[in-house]
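Reading the structure
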Amino acid sequence: MKASALGGGGMMIGFSWLASCKPGEQAADIPKEWFNVNAFLKIEKNGLVTIMSPNPEIGQNVKTAMPMIVAEELDVDWKNVIVEQAGLNTVDYTRQLAGGSQSIRQGWQSLRMAGATARRMLLEAAAKQLEVPVEELTTDSGVIKHTSGKTVGYGEVASVAATMVIPEEIELKDPKDFKIIGTDVGNVDAPKIVNGEPLFGLDIDKEGMLIAMIQHPPSFGMKLKSLDASKAKAMPGIKDVITINTNVPEGAEEQWSDVNAFNELVVVVGNTTWEVMKAKKALNITWDQDTKLESSIDHEVALSDLMNKKPEEATRKDGNPTSAFKNAAKVVERTYSAPFLAHNPMEPMNFYANVTADKAELEGPIQTPEYLRKTVAVVLGLPEDKIDIMMTRMGGGFGRRLYGHFGTEAAVISQKINAPVKLVYTREDDMTQGTYRPAYKVKYRAALDKNNKLTGFHVRGAGVHGSPVFANRFPAGTVDNYLAEDHRLDSNISTGAWRAPRSNFMAGIEQAFLDEVAEAAGKDPIDFRLELFDRAINDPVGEKNDYDAARYAGVLKLVKEKANWGADTPGVHRGVSAYYCHNSYVAQVVDMVMENDKPIVKKVWCAVDCGIVINTSNARNQIEGGLIDGIGHTMYSAMTFKDGQPDQRNFDNYRLIKHAEAPLEIETFFVDNGIDPTGLGEPGLPPISGAVMNAMAKATGKRLYNQPFVNEALVLG
Amino acid sequence: MANFNLNINGKVKQVDVDPDTPMLWVLRDHIKLVGTKFGCGISQCGACTIHLDGEAVRSCSVPVSTVGDKSITTIEGLSENGDHPLQKAWVEVDVPQCGYCQAGQIMNAAALLEKNPSPSDDDIAKAMNGNICRCGTYTRIKKAIKTAAEMS
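Residues numbered from 1 in each chain as written. Chains lettered and ligands numbered in written order. Predicted model: local features only at pLDDT ≥ 70, side-chain atom pairs only at ≥ 80, totals over all residues. Heavy atoms only, no water.

1. Brief notes about the overall build of chain A
Each helix and strand counted, chain A has 16 helices and 29 strands in total. Relative to a compact globule of 717 residues, whose C-alpha radius of gyration would be 27 Å, chain A shows 28 Å and is just as compact. Across its three principal axes, chain A shows a C-alpha extent of roughly 80 × 75 × 50 Å. Across the 717 residues in chain A, those meeting the buried criterion constitute 63%. (Helix = DSSP H or I, 4+ residues; strand = E, 2+ residues; numbered from the N terminus. Rg over C-alpha atoms; globule rule 2.2 N^0.38 Å. Buried < 20%, exposed > 50% of the residue type's maximum accessible area, 1.4 Å probe, protein only.)

Quick look at the structure:
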């Protein structure tokens, strides 16, 4: 029973003989005893396989896709697979994190190795049992076949397989032989979701568990001055009102969970959610100003000033941009802006914690369990190995649950009141807490010579806590004279990664700007982009270009073909956009029509290059959802502030996209190139706003620059 | 605090709660039926949708004291074995991403299909417009409702 490392994949295999599992609706009967072949999977005597899904599930569907990869290499029938969510286990798993669209890309090799290793050990065990050379055996969906015609099921040799020496080298399947990867496999939790079974952190209910809610300051820049909790404490069902401080000790390594604008909080603890909610309203708290109380107008003014300021150093400079602009026949200049955004996952923040003298048990929705544990360890003063974290299915995250301060808060509350507790945020608590997508402003300039060739390109970006510009992304590398500049605006409003950070703004505006440049050059927008990619393929400028120009051009060509670009349909206005982020390439064409003077997105065509597609149904779902998310936030959503206080607190005045505003139809095509898989949870979102802006310009004659567009445009309906 | 006898999913359940407690929290904290979700608390997202005598309502804004003897249906009671045409269609179309809003979507769609067994795209968009899906599964929800309408 020991763990060892495998060459190449870096996977750790742990042997144990655990004997528990949860029943599910499967083809085979649920057994009493299971054989743990390795940390990723267990095989039962009758061939039923349990595969652990290591990473947090946030709606990106890794709980289905990651086990599919294991099942593929193991060579089992998917209907005999049960999937279980693994808890935080840094011994057997690496990178148990949902973020950066990396779960599949970074798990690909080790998940394949896990399945293939187990398959190889089952073959070895069968060879021993049948007393034949292993070379004479093959597998077929959970059955081992000998050349003589004899067969033996995986389950029959699983106990022997678990005692086999772990092979040092493993042959992986040829992707052309994949049977599970590349098919439509339904979300493994779908039956529970549609029946309303408990799955989410907020659904946790444990013996003796109390409910806690926090009250943070009403404004960024305020802090607690005094608390009178006498009325709240006297209310029915209320156990206590306390204050907590979740500041990490000085000198501790900074973690995701430390991002928090409000570390000193008032906490109400009671028996039930409604009782605690009511008592929270009865708190008598006074707040003190601590730092500046910022307003949106301050950010607007400061970001605008930065647009006219040259930074001391350029982030990237190729050629001689100054001379290119001086000698240009035409210069196009546009400035774009976007507001702060809240993540607003539908499940408000929550976490369960039970902290006793020498250990802590935590459970809930978290994208970064490993880092939450580090913070909790230093804040509680417990060693990391005394802290267990179980991940629940998350009711969305979009980056919000990378920042697990709510997990730390639950742990501190439990420690202080000496009881198991579930911390529950209201929507208002969540929306006004911070960790927002920052407000941005970006100015673009393009220089065209007399032959309408792009000779100069200049981008200057500024944002709260950092510029959104990616200096080495397209169109860097396609133009001789290029300049990228960045400014940062400090603020006491906390910001964080929001689905496709920076790309969520940059893609759309870059693609809208290039559309205007193509127009100024008198060129078709797709042809104009393809010309630039030709330059990057044949004679790239600079060496740090962060994209593969051929794959980029590939998705544009594919969407051009599929959407039949160029074949004008009366009444249909088209816009195109393409972007590269999270290692994947997405091009989109929007077909817009005007009905009753309102623009409507009739259809979106998508071409995606994310390498090998694991689960085709969910891959399409991610692209569909991503682009609806992208349209929604560009059109309708904003967080604004007055004297440090958020103007939006709930969905009555924070607008999210609704059914009637979603595209009527979406069609997605994947490039089939056999390349190892890359990100899919985020890349569908960034380009779409560009395609919408470009189609809108055709449909309404109006170009849009300041998000959310609902403030200055006809609303999509 | 007061006692209420509630008719939930065909069974009478007694709870002793503050009369202003919203049905959402009665269901989740007292009856332990957690399929009905908390999203906003102010009838703006639809995650907490249940049926009151067959009408889709937002349970976060229905105080327990106003329910009386009306029959309450939650996602757990929509069908006996999880086989309501909408539940089957939701799985078949592979609608959910995070899945959190879907019970509310299904409950709202079930009330729609009761009144309008074969809704048009426009009928669906109008009826479902108060149910937010932050993951953006709207096109699949529409497809699943149409699939369910064809099934039944």
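There is more to say after this.
2. Some words on the interface of chain A and chain B
Each partner contributes to the interface: chain A provides 60 residues, whereas chain B provides 50 residues. Summed over both sides, the interface between chain A and chain B buries roughly 4,500 Å², with carbon and sulfur atoms accounting for 58% of that surface. Taken together, chain A and chain B are joined by seven salt bridges. In this structure, Glu624(A) and Arg140(B) form a salt bridge, with 2.9 Å as the shortest nitrogen-oxygen distance. Remark: the boundary between chain A and chain B carries 31 residue pairs in polar contact (both at pLDDT 80 or more). Those elements that place two or more of their residues in the side of chain A that touches chain B are helix H4 (190-195), helix H6 (273-281), helix H11 (427-431) and helix H15 (616-635) of chain A. Residue contributions to the side of chain A that touches chain B peak at ten residues, all from H15(A). (Contact = heavy atoms within 4.5 Å. Buried area = accessible area lost by both parts, 1.4 Å probe. Salt bridge = Lys/Arg side-chain N within 4 Å of Asp/Glu carboxyl O. Polar contact = N/O pair within 3.5 Å; in protein donor to acceptor, adjacent residues only side chain to side chain.)

3. A look at the environment of Gly364(A)
Residue and element names in this part refer to chain A. For Gly-364, the location among the structural elements is in strand S18 (residues 360-364). The exposure class assigned to Gly-364 is buried, which follows from its relative accessible area of 0%. Between the C-alpha atoms of Gly-364 and Val-194, which are 170 residues apart in sequence, the distance is 21 Å. With residues near it in sequence (within four places) discarded, Gly-364 still touches Gly-201, Ile-204, Phe-351, Met-390, Met-391 and Thr-392.

4. A look at the confidence of the model for chain A
Of all residues in chain A, 95% attain a pLDDT of 70 or more, and the chain-wide mean is 93. Ignoring residues within four places in sequence, the model shows residues 1-32 of chain A, a span with pLDDT below 50, making 82 contacts including any to other chains. (pLDDT = per-residue confidence, 0-100.)

5. Concerning the side chain of Glu409(A)
Along the chain, the position of Glu409(A) falls in helix H10 (residues 405-417). Glu409(A) has contacts with Ile214(A), Ile244(A), Thr246(A), Asn260(A), Leu265(A), Leu423(A) and Tyr425(A), leaving out every residue within four places of it along the chain.

6. Quick notes on the sheet that holds strand S25 (residues 584-595) of chain A
All names here are of chain A. The four strands lie next to each other as S24-S25-S26-S29, forming an open sheet whose pairing is mixed. Looking at which strands have only one partner, the edges of the open sheet turn out to be strand S24 (573-581) and strand S29 (665-670). Along the sheet, successive strands turn relative to each other by an average axial angle of 20°, direction set aside. Pairing of S25 with strand S26 (residues 598-609), which is carried by eleven bridges, proceeds in the antiparallel orientation. Within the sheet, the bridge partner assigned to Val-590 lies in S26 and is Val-604. The strands touched by H15 within the sheet are S25, S26 and S29, with S29 carrying the most contacts at an inclination of about 130°. (Pairing = 2+ DSSP bridges. Axes fitted to C-alpha atoms, helices over the stretch in contact; angles between N-to-C directions.)

7. Brief notes about the pairing of S18(A)
Residues and elements named next belong to chain A. The buried count for S18 comes to four of five residues, which makes it a mostly enclosed element. Relative to S18, strand S17 (residues 350-355) is paired through four bridges, and the arrangement is antiparallel. Within the sheet, the bridge partner assigned to Tyr-352 lies in S18 and is Glu-363. Relative to strand S19 (residues 387-391), S18 runs parallel, the two sharing five bridges. Bridged to Leu-362 within S19 is Ile-389. For the handedness criterion, the β-α-β arrangement of S18, helix H9 (residues 369-380) and S19 is classed as right-handed. (Right-handed = clockwise from strand over helix to strand, strands pointing away.)

8. A closer look at empty space enclosed by the protein
All names here are of chain A. Applying the stated criterion across every chain, the model contains four cavities of 30 Å³ or more. Within this model, the largest cavity holds a volume of roughly 80 Å³. In terms of lining, the largest cavity is formed by Tyr-444, Phe-457, Val-459, Val-469, Phe-470, Arg-473, Phe-474, Pro-475, Tyr-482, Met-506, Glu-510 and Tyr-579. Counting residues per element, the ones that place at least two in the lining of the largest cavity are strand S22 (454-464) and helix H12 (503-521). Per-class residue counts for the lining of the largest cavity are ten nonpolar, no polar and two charged. (1 Å grid on protein atoms, 1.4 Å probe; cavity = no way out; pocket = protein on both sides within 12 Å on 5 of 7 lines; lining within 4 Å. Points joined across faces, edges and corners; volume = space filled by probe spheres on them. Nonpolar A, V, L, I, M, F, W, Y, C, P; charged D, E, K, R; others polar.)

9. Things to note about the sheet that holds strand S8 (residues 143-146) of chain A
Residues and elements named next belong to chain A. Strand order in the open sheet made by the three strands is S7-S8-S9, with antiparallel pairing throughout. Sheet topology places strand S7 (137-140) and strand S9 (151-153) at the edges, where each strand pairs with a single neighbour. Along the sheet, successive strands turn relative to each other by an average axial angle of 25°, direction set aside. Where S8 lies against S9, three bridges are found, and the strand directions are antiparallel.

10. Concerning helix H16 (residues 688-700) of chain A
Residue and element names in this part refer to chain A. Taking 1.5 Å per residue, 13 residues should reach 18 Å; H16 reaches 18 Å between its end C-alpha atoms and fits that length. Counted residue by residue, H16 has eleven buried out of 13 residues, so it is predominantly covered. Residues of H16 that are buried include every one of Ile-688, Ser-689, Gly-690, Ala-691, Val-692, Met-693, Asn-694, Ala-695, Met-696, Ala-697 and Ala-699, and no others. Where H16 terminates, the next one or two residues include Gly-701, which has phi positive at roughly 75°. (Expected span 1.5 Å × (residues − 1).)

11. Here's the deal with the layout of surface pockets
All names here are of chain A. Within this model, the second largest pocket holds a volume of roughly 640 Å³. In this structure, the second largest pocket is lined by 41 residues; those nearest its centre are Gln-60, Ser-101, Leu-680, Gly-681 and Glu-682. At the level of elements, helix H1 (62-74), helix H2 (103-130) and H15 are the ones that each hand at least two residues to the lining of the second largest pocket. Residues of the lining of the second largest pocket, tallied by class, amount to 20 nonpolar, 18 polar and three charged.

12. Here we look at the packing of aromatic side chains
Two measures describe an aromatic ring pair: the distance that separates the ring centres and the angle between the ring planes. Residue and element names in this part refer to chain A. A complete count under the given rule lists 28 aromatic pairs over all chains for this structure. With centroids separated by 5.7 Å and ring planes inclined at 55°, the aromatic side chains of Tyr-444 and Phe-457 adopt a geometry described as tilted. On the criterion of sequence distance, the pair formed by Tyr-444 in strand S21 (residues 440-448) and Phe-457 in strand S22 is long-range, its members being 13 residues apart. Both residues of the pair, Tyr-444 and Phe-457, belong to the buried class. Members of the aromatic cluster, connected to one another through ring pairs, are Tyr-336, Tyr-444, Phe-457, Tyr-482, Phe-513 and Tyr-705. (Phe/Tyr/Trp six-rings, centres within 6.5 Å; stacked < 30°, edge-to-face > 60°.)

13. Digging into the pattern of salt bridges
Applying the stated criterion across every chain, the model contains 56 salt bridges over all chains. A salt bridge links Asp629(A) to Arg499(A); its shortest N-O distance comes to 2.9 Å. Residue Asp629(A) is found in helix H15, and its partner Arg499(A) is found in the loop between strand S23 (481-489) and H12; the two are separated by 130 residues along the sequence. Per residue, the accessibility class of Asp629(A) equals that of Arg499(A), and both read buried. Across the salt bridge formed by Glu55(B) and Lys115(B), the nearest N and O atoms sit 3.3 Å from each other. Note that Glu55(B) is positioned in strand S4 (residues 55-58) and Lys115(B) in helix H3 (residues 102-115), a separation of 60 residues in sequence. Exposure remark for Lys115(B): the relative accessible area of 62% places this residue in the exposed category. By sharing partners, the salt bridges in this structure join Glu57(A), Lys63(A), Asp189(A) and Arg393(A) into a single network.

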